[in-house]
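Remarks on the overall topology
In case you want the letters, here they are:
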Amino acid sequence: MSPDDERLRRWRLALGGAPDADGTGYGLSGDDVAVDAALGALYDSTGDGTPVQRGAGLGASAPRVARWLGDIRKYFPSTVVQVMQADAIERLNLTRLLLEPEMLDAVEPDVHLVGTLLSLNRVMPDKSKRAARKVVAKVVAELERRVAQPTRTALSGALNRAARTSRPRHHDIDWDKTIRANLKHYQVEHRTVVPERLIGYGRRAQSVQRDIVLCVDQSGSMAASVVYSGVFAAVLASMRSLKTSLVVFDTAVVDLTDRLADPVDVLFGTQLGGGTDINRAIAYGQQLITRPRDTVFVLISDLYEGGVRDEMLRRVAAMTASGVQVITLLSLSDEGAPDYDHDNAAALAALGVPAFACTPDVFPELMAAAIERRDLRSIIERTRS
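All values derive from a computational prediction rather than experimental measurement. (Residues numbered from 1 in each chain as written. Predicted model: local features only at pLDDT ≥ 70, side-chain atom pairs only at ≥ 80, totals over all residues. Heavy atoms only, no water.)

Concerning the sheet that holds strand β6 (residues 242-249)
Filter applied, for reference: Should DSSP find at least two bridges between two strands, the strands are taken to pair. Numbered from the N terminus, helices here are DSSP runs of H or I no shorter than four residues, and strands are runs of E no shorter than two. For helices, the axis comes from a line fit to the C-alpha atoms of the stretch in contact; other axes are also lines fit to C-alpha atoms, and the angle between any two N-to-C directions lies between 0 and 180 degrees.
Reading across the sheet, the 6 strands line up as β7-β6-β5-β8-β9-β10 and stay open at both edges, with mixed pairing between neighbours. Because the sheet does not close on itself, it has two edges, and the strands there are β7 (253-255) and β10 (355-358). Across the sheet, the mean angle separating the axes of adjacent strands is 25 degrees when strand polarity is ignored. Note that β6 and β7 share 3 bridges and pair antiparallel. By the bridge assignment, Val248 is partnered in β7 with Val254.

Concerning the packing of helix α7 (residues 126-159) against helix α14 (residues 363-371)
Each packed pair of helices is defined by two parameters, the angle between the axes and the distance between the axes. Filter applied, for reference: If an angle is under 35 degrees, it is roughly parallel; if it is over 145, roughly antiparallel; if it lies from 65 to 115, roughly perpendicular; otherwise it is oblique. Two helices cross in a left-handed way if the nearer one is turned anticlockwise from the farther one by less than a right angle. They cross in a right-handed way if the turn is clockwise. Contacts are residue-level and defined by heavy atoms, with any inter-residue pair within 4.5 Å sufficient. Asp, Glu, Lys and Arg are counted as charged, while Ala, Val, Leu, Ile, Met, Phe, Trp, Tyr, Cys and Pro are counted as nonpolar; the rest, among them Gly, fall into the polar class.
For the pair α7 and α14, the least separation of the axes is 9 Å and the interaxial angle reads 15 degrees. Between α7 and α14, the crossing angle belongs to the class labelled roughly parallel. Every pair of crossing elements has a handedness; the one defined by α7 and α14 is right-handed. Only Pro364, Met367, Ala368 and Ile371 of α14 make contact with α7, whose side of the interface consists of Pro150, Thr151, Ala154, Leu155, Ala158 and Leu159. For the contact of α7 with α14, the residue count by class is 9 nonpolar, 1 polar and no charged.

Some points on the pattern of salt bridges
Pairing is possible between side chains of opposite charge, provided their charged atoms come close. Defined as follows: Within this document, salt bridges are pairs made up of a side-chain nitrogen of Lys or Arg and a carboxyl oxygen of Asp or Glu, the two lying within 4 Å of each other. Throughout this description, buried means an accessible area under 20% of the type-specific maximum (1.4 Å probe, protein chains only), exposed means over 50%, and partly exposed covers the range between.
Under the criterion given, the structure shown has 12 salt bridges. Measuring nitrogen to oxygen at the nearest pair gives 2.7 Å for the salt bridge that ties Arg315 to Glu311. Remark: Glu311 and Arg315 occur in helix α12 (residues 309-322); sequence separation between them is 4 residues, near one turn of the helix. Under the relative-accessibility criterion, Arg315 is labelled partly exposed at 22%. A network of salt bridges, in which partner residues are shared, links Arg210, Asp211, Arg291 and Asp294.

Focus on the packing of aromatic side chains
Pairs of aromatic rings are described using the distance from one ring centre to the other and the angle between the two planes. Filter applied, for reference: Pairing of aromatic side chains requires ring centres within 6.5 Å, counting the rings of Phe and Tyr and the six-membered ring of Trp. Pairs whose planes differ by under 30 degrees are stacked, by over 60 edge-to-face, and all others tilted.
A full pass over the atoms with the stated rule returns 1 aromatic pair. Arranged with centres 4.6 Å apart and planes meeting at 50 degrees, the rings of Phe232 and Phe363 form a pair that is tilted. With a gap of 131 residues between them, Phe232 in helix α9 (residues 223-237) and Phe363 in helix α14 connect regions that are remote in the sequence. Here the two residues Phe232 and Phe363 agree in accessibility, since each one is buried.

So, the side chain of Thr276
Here Thr276 lies in the loop between α10 (263-268) and α11 (278-287). On the accessibility criterion, Thr276 (12% relative accessible area) is buried. Excluding residues within four positions of it along the chain, Thr276 makes contact with Asp217, Ser219, Phe249, Asp250, Thr251, Tyr304, Glu305, Gly306 and Gly307.

With respect to unusual backbone geometry
Leave glycine aside and you will find that most residues have negative phi; peptide bonds, for their part, are mostly trans. Even without a glycine there, the phi angle at Leu303 is positive, about 70 degrees. Tracing the backbone shows Leu303 in the loop between β8 (295-300) and α12. The residue Arg373 is not glycine, and still its phi comes out positive at about 55 degrees. Position of Arg373 relative to the elements: it lies in the loop between α14 and α15 (377-384).

Things to note about the nonpolar core
Just so we agree on the cut-off: Within this scheme, the nonpolar core is defined by two criteria: the residues are buried Ala, Val, Leu, Ile, Met, Phe, Trp, Tyr or Cys, and they are joined through side-chain atoms within 4.5 Å.
Ranked by size, the top nonpolar core spans 69 residues in total, and within it Leu98, Leu117, Leu214, Leu329, Phe363 and Leu366 carry the most contacts. Ranked by residues supplied to this core, first place goes to α7 with 12 residues. Those residues in contact with Leu366, other than ones at most four positions away along the chain, are Ile327, Leu329, Phe356, Cys358, Leu376 and Ile379. By size, the runner-up hydrophobic cluster in this structure holds 23 residues, among which are Phe297, Leu330, Val353 and Ala355.

Overview of helix α6 (residues 111-119)
Because each turn of an α-helix spans 3.6 residues, side chains separated by three or four positions end up pointing in the same direction. The element α6 is largely enclosed, with a buried count of 7 among its 9 residues. The complete set of buried residues in α6 reads Val111, Leu113, Val114, Gly115, Thr116, Leu117 and Leu118. For α6, the secondary structure elements touched by its buried residues are α4 (78-91), α5 (101-106), α7, α9 and α10.

On their own, these measurements won't tell you what the molecule is for.
This is the structure in structure tokens:
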């Protein structure tokens, strides 16, 4: 196929339209017909699912939607499939059909789909819930693979940054400093460094060194943040040097700390949607603080307060005055800062608690800096750039 034909083909698939009405003059054949039909079923219909032009649209039939999901997985890469699934849920109101186990077997799991499933948790029948757990477990496993090791590495380094030792255990060796210190012992014939002196971190006692309290807004707009928070909380809870608590809230407060051994259980313990009472959640979180100067309190919320705003700010001020390291994240996701309450963000900043969005990749570094009580400004500026 010539470059001009390929360009026309792509325009034809992008623009859609009935034959001879799209302006490209390019006719489709073979698999392109099926690709065009899959795109048309989603994007040639109005927001309420009413078909236009080609008479497409997914309709209300679960088998038909399942076939469509299979088609898009066949013809598009997984990243595109995830975008199309999210668009289908929004444009064609497929939320109800996600209660069908057959549908859940056909979807491409991702963070946004998990958020949608969690919002349906309360109305999901048992058969669907079993299928949904498989979807959630697959996404959680992938997220843990992505974030667990960087988190443990960053926080272990922060916790054990104390005295260096020349006789470290294998897991405590600082390989970068060891190699630098032994470059003069480079063996040309073997093309390697023979370390005569090992440098590593002195291992502190295995007692708890820091308390971490994650306080997570579970209103509907925070779905992706809830998913990431649950996974990170489980990773943090696996570190013996940390005491990790996880609290989620809307107008009620739920302590999920006892579920942290299984992040899937954590996520199914949330109830996305509802109002927001940040003050009530912070009040509960304060009860968990027994060592203020050794505690990092992380509030993850868009800061739209339905409770008592002035009391919320007084509580935050009291925590910081007692020595608690307080961090406010407008989101913990790859999506950037959501819509948030700018007045409350400014009020918190005036208390020395800036509010900013954080991606999952930056979160381990942020927590390490907080544990060491380093200045967070450079990290915050990077997240805003």
